[in-house]
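Residue strings, one per chain:
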Amino acid sequence: MATNITRTTTSTSFTYSASEFSTDKEKVWIEERERVNVPETIKEDDGDNVGLEQYKQAQQGPEITPAQNRQILRRIDLILLPIFLVTQTLQYIDKTALNYANLFGMSKVLGMSGSQYSTVASMFYVGYLIAQEPFGILLGKYPAGRVLGTSCVVWGIAVLTMASCFNFAGALVNRLFMGMFEAAVTPGLSLMTGFWWTRQEIPLRQTLWYTAVGWGGVIGGLMAAGISKINEATYGGPPRWQLIFYILGSITIAWGVFLFFFLSDSPGNAKFLNQQQRILAVGRVANNATGIKSKKFKREHMWAALKDPKSWCLTIAMLGSSIPNGILTNFSSIIITDMGFSDFHATLLDCAGRSLQIISLIIAGTVATFFPNTRLLMATAGNIICVIGSATMAYLPESYTWGRLVSFWLINTQSVGFALGLVMISSNTAGYTKKQVTSALVFAAYCIGNIIGPYMVFDSEAPRRSASIAMLASYSAKLFCHALLGVIMYGINKRRDAKYGPPDAKRSADAGMRDETEYENKDFRFVL
C-alpha cells in the first residue's frame, strides 16, 4: 500500500504518493524540499525576464533528480515536438504548393510568361522579409500560441484565396501576404526550441521537427501524384491546380485554431506540466545560460548582435543555403522532368530525395546530441555532400540521367547545415534581444537567398546547368562560413579557459536568466 507524503507551506500544500518515485533518494528529496511561497498558479514571468521567478524558486531546493528530468523531458517531447513538426510541415507544404500547382497548368491559366512565375515564387520571401522581425518582437511580448495561431489562420486563408487568383498581379499580392504570415513559423519555433530544451537536447529536437521539410515534400509530392491521376474530362470539381490550394488552406486554418488555444509559451506556464514540474522545467533550461525570453528590447544587445562576427558567419552561411533552396522549392519537379521523366514520376522521384532529407536530419541530430561538440562537424558533412551533388549535377553529361538524379537527391542533405545553423543561435547566443536580432539577420538572408534563387533558373535552358552552378557556389560559401564559425568559437573558449579558468555553471545560469549575452557572461562556453 502506497504511503503519502504531505508538505504544507505558507501558500499551499502538496501531496505526493511514494509510489510515484522510483528511488529512496527521490522520496528523501520530497522530505528535504523547502518550499517558500510557491503560488497556486505560476505566472508567465516576473518583470521583463520570463521564468526568472520560477528559476529563483528552483534554486531554493535540491537539484532536479534524473527520474524527474526524464519525466519532464518525456512530456515536453510527446506534446511539443508533434506540434512543432505539424506546424512546420504545413508551412512548408503551403509555400511549395505553387510548385505542384504549376505542374497542373496554373501559369498558363493565369497568363504568366517569361520570368513571371519566378517573380510570384520570390514574392513570398519579400513578405517574409518584411514580417519576420515584427513577429520576433510579438513572440517576445505575447504568448506564442496566440501569435502563431493567428498567423497560421491568416496564411491558411491566403492559401485558400490563391485558388481565386485569375492573373499575375493577383497571384503576386497573394504570395506577398502568405509570406508575411508564414514568417512567424520557422524563426519562432527555432527561438522556442531554446525555451524548452537544454543545450544537450536541442540538436536532436531541432532536427526532428525540421524533418518537416522532408515530410512536407513527401506529402506534397504524393498529393500531387494522386491529383495528377484525376481525369479532368470526367471530373466535376475545380481545376486540379485549384484543388491543391483548397485542400491545404482548409487544413491550415483548422490547425491555426488549435495552436491559438493549446500551444504553451514557455515551461513556466505549460498547461501540460503540473505546478512543481513547471519550476523544475525552468531550472532545467536555465543551465543553458541563454535565458528563456525577455519582454524588454535592449538596444545595447541589438548592437552587440550586429557587431558579432558569429552573427555574420551564420548570416552568410544562410544566404549560401537559401539560394539553392529558392531553386529547389519552386523548381524541383521541373528539374526532374527535364531529365526525361513524366510529371507523375517526377513527383514520386522527388519524394525519394525528401526521404534522404529526413534520414540525414535524424542521423545528424542524433550524432550531435550524443557526441559532444559535433554539431558543426555534422553541418560540415552535410555541406560537403551538397558541394559534391551540385558539382556532379552541373558537370555530368546529360546522358547520365540516373547519375544526375542521384546527385539531385544528395542535395537534400542541405537541411542538415540549415537546421544545425539554427541550433547555433539557440545554443550559442544569449540575451533574448541579441538572439532575436541574430535570428532576424539570419532569416533576412534566408529571404534574400530565396528571392534570388528562382532567377537562377532559365526557361530557355534544359538541363538547368546555371542553376546547378549557382548551387555549387552557394554551398561552397556556406561550407567556408560554418568552418570559420567553428574556429571563432573554439578560439574564444580557449582564451576564456586560459583567462578565467573552468566555467562556473551556477554563475553562468544566473547570468543567462538575468538576460546577459554570451559576451557579458564570462562563464559561458560555446558548444561546437
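Conventions used here
- For every chain, the first residue of the written sequence is number 1, and numbering continues from 1 onward in sequence order.
- The predicted origin of the model limits local features to residues at a pLDDT of at least 70 and limits the giving and counting of side-chain atom pairs to 80 or more, whereas totals for whole chains, interfaces and linings rest on all residues.
- Heavy atoms throughout the structure, all of them, feed into the side-chain values; hydrogens and water do not.
- Runs of H or I in DSSP of at least four residues are treated as helices and runs of E of at least two as strands, each being numbered from the N terminus.
- Exposure is judged per residue with a 1.4 Å probe applied to protein chains only, and the accessible area is read against the type maximum: over 50% gives exposed, under 20% gives buried, and values in between give partly exposed.
- Any two residues whose heavy atoms approach within 4.5 Å are treated as being in contact.
- Note on geometry: axes are C-alpha line fits, over the in-contact stretch for helices, and angles between N-to-C directions span 0 to 180 degrees.
- Here roughly perpendicular refers to angles of 65 to 115 degrees, roughly parallel to angles under 35, roughly antiparallel to angles over 145, and oblique to all remaining angles.
- Should the near helix be turned anticlockwise from the far one by less than a right angle, the crossing is termed left-handed; should it be turned clockwise, right-handed.
- Here the nonpolar group is Ala, Val, Leu, Ile, Met, Phe, Trp, Tyr, Cys and Pro; Asp, Glu, Lys and Arg are the charged ones; every other residue, Gly included, is treated as polar.
- Between Lys or Arg on one side and Asp or Glu on the other, a salt bridge is scored when a side-chain nitrogen of the former is within 4 Å of a carboxyl oxygen of the latter.
- We define the nonpolar core as a collection of buried residues of types Ala, Val, Leu, Ile, Met, Phe, Trp, Tyr and Cys that are connected through side-chain atoms lying within 4.5 Å of one another.
- Expected helix span is taken as 1.5 Å per residue step, with the number of steps being one fewer than the number of residues.
- Identification of polar contacts relies on pairs of N or O atoms within 3.5 Å, with a donor-acceptor requirement for protein atoms, meaning one able to donate a hydrogen and the other able to accept it, and with residues adjacent in sequence counted only if both atoms are side-chain atoms.
- Under the pairing criterion, centres of Phe, Tyr and Trp rings, with the six-membered ring standing for Trp, must be within 6.5 Å; the plane angle then separates stacked pairs below 30 degrees from edge-to-face pairs above 60, leaving the rest tilted.
- By definition here, charges over rings are those cases where NZ of Lys or CZ of Arg is within 6 Å of the ring centre and within 35 degrees of the ring normal.

Tell me about the environment of Gln-116, residues and numbers included.
Relative to the helices and strands, Gln-116 resides in helix α5 (residues 116–141). Judged by its relative accessible area of 23%, Gln-116 is partly exposed. C-alpha of Gln-116 to C-alpha of Phe-168: the two residues are 52 residues apart in sequence and 7.3 Å apart in space. When residues no more than four places from it in sequence are discounted, the contact partners of Gln-116 are Gly-111 and Phe-168.

Let's hear about the packing of helix α14 (residues 309–338) against helix α15 (residues 343–370): which residues, and what values?
Across the interface, α14 lies against α15 with an axial gap of 8 Å and an inter-helix angle of 125°. Considering the angle they form, α14 stands oblique to α15. Here α14 and α15 pass one another in a crossing that is right-handed. Where α14 approaches α15, its residues Leu-328, Ser-332, Ser-333, Ile-336 and Thr-337 are matched on the opposing element by Asp-343, Ala-346, Thr-347, Leu-349, Asp-350 and Arg-354. For the contact of α14 with α15, the residue count by class is 4 nonpolar, 4 polar and 3 charged.

Quick one: what's the story with the pattern of salt bridges, residue by residue and with numbers?
Taken as a whole and judged by the stated rule, the model has 10 salt bridges. A salt bridge links Asp-308 to Lys-310; its shortest N-O distance comes to 2.6 Å. The same class applies to Asp-308 as to Lys-310, namely buried. The residue Asp-350 makes a salt bridge to Arg-354 at a minimum N-O spacing of 3.9 Å. In this pair, Asp-350 and Arg-354 both sit in helix α15, 4 residues apart, roughly one turn of the helix. By relative accessible area, which is 6% here, Arg-354 ends up buried. If you follow the salt bridges from partner to partner, you end up with Asp-308, Lys-310, Lys-434 and Glu-518 in one network.

Outline the nonpolar core, listing residues and values.
In terms of nonpolar packing, the biggest core is built from 122 residues, with Trp-196, Trp-197, Phe-245 and Leu-263 touching the most fellow members. If you tally residues by element for this core, the top one is helix α3 (residues 66–103), at 14 residues. Those residues in contact with Trp-196 that sit more than four places away from it in its chain are Ile-76, Leu-80, Ser-264, Asp-265, Ser-266, Pro-267, Ala-270, Phe-272, Arg-284 and Val-285.

Before we move on, can you summarise helix α20 (residues 465–500) with the specific residues and values?
Between its first and last C-alpha, α20 extends 53 Å over 36 residues, near the 52 Å set by a 1.5 Å rise per residue. Immediately beyond the C-terminal end of α20, within one or two residues, lies Gly-501, with a positive phi of roughly 85°.

Quick one: what's the story with the side chain of Thr-438, residue by residue and with numbers?
Along the polypeptide, Thr-438 turns up in helix α19 (residues 432–452). Overall, the relative accessible area of 2% leaves Thr-438 in the buried class. Engagement of the side chain of Thr-438 in a polar contact is seen with the backbone oxygen of Lys-434, the distance being 2.7 Å.

Which residues make up the packing of aromatic side chains, and what are the values?
Across all of its chains, the model carries 22 aromatic pairs by this definition. With centroids separated by 6.0 Å and ring planes inclined at 75°, the aromatic side chains of Trp-209 and Tyr-210 adopt a geometry described as edge-to-face. In terms of burial, Trp-209 and Tyr-210 fall into one category: buried. With a centroid separation of 5.1 Å and an interplanar angle of 75°, the aromatic rings of Phe-260 and Phe-261 are classed as edge-to-face. Here Phe-260 falls in the partly exposed class, since its relative accessible area comes to 27%. Its end group placed over the ring of Phe-260, Arg-146 keeps NZ or CZ at 4.7 Å from the ring centre. Sitting above the plane of the Phe-524 ring, Arg-199 keeps its charged end 4.7 Å from the centroid.

For helix α12 (residues 275–286), give the residues involved together with the corresponding values.
With 12 residues, α12 should cover 16 Å at 1.5 Å per step; its first-to-last C-alpha distance of 17 Å lies within 8% of that length. In terms of residue burial, α12 counts as a mostly covered element, since 12 of its 12 residues are buried. Considered for burial, the residues of α12 that qualify are Gln-275, Gln-276, Gln-277, Arg-278, Ile-279, Leu-280, Ala-281, Val-282, Gly-283, Arg-284, Val-285 and Ala-286. The N-terminus of α12 is capped by Asn-274, whose side-chain oxygen sits 3.1 Å from the backbone nitrogen of Gln-276.

So what's going on with unusual backbone geometry? Residues and values would help.
Even without a glycine there, the phi angle at Asn-373 is positive, about 55°. Position of Asn-373 among the secondary structure elements: in the loop between α15 and α16 (375–395). For Asn-373, a relative accessible area of 46% translates into the label partly exposed.

Outline the packing of helix α6 (residues 144–162) against helix α7 (residues 168–182), supporting the account with residue identities and numerical values.
Where α6 contacts α7, the two axes come as close as 8 Å, and the packing angle between them is 160°. Judged on the interaxial angle alone, α7 and α6 are roughly antiparallel. The chirality of how α6 crosses α7 is left-handed. Each of Ser-151, Val-154, Trp-155, Ala-158, Val-159, Thr-161 and Met-162 in α6 lies in contact with α7, whose residues at this interface are Ala-171, Asn-174, Arg-175, Met-178, Phe-181 and Glu-182. Looking at the contact of α6 with α7, its residues break down into 8 nonpolar, 3 polar and 2 charged.

Can you explain the environment of Val-109? Please cite residues and give values.
Assignment of secondary structure puts Val-109 in helix α4 (residues 106–109). For Val-109 and Phe-166, which are 57 residues apart along the polypeptide, the C-alpha to C-alpha distance reads 7.4 Å. Setting aside anything within four residues of it in sequence, one finds Val-109 in contact with Phe-166 and Trp-241.

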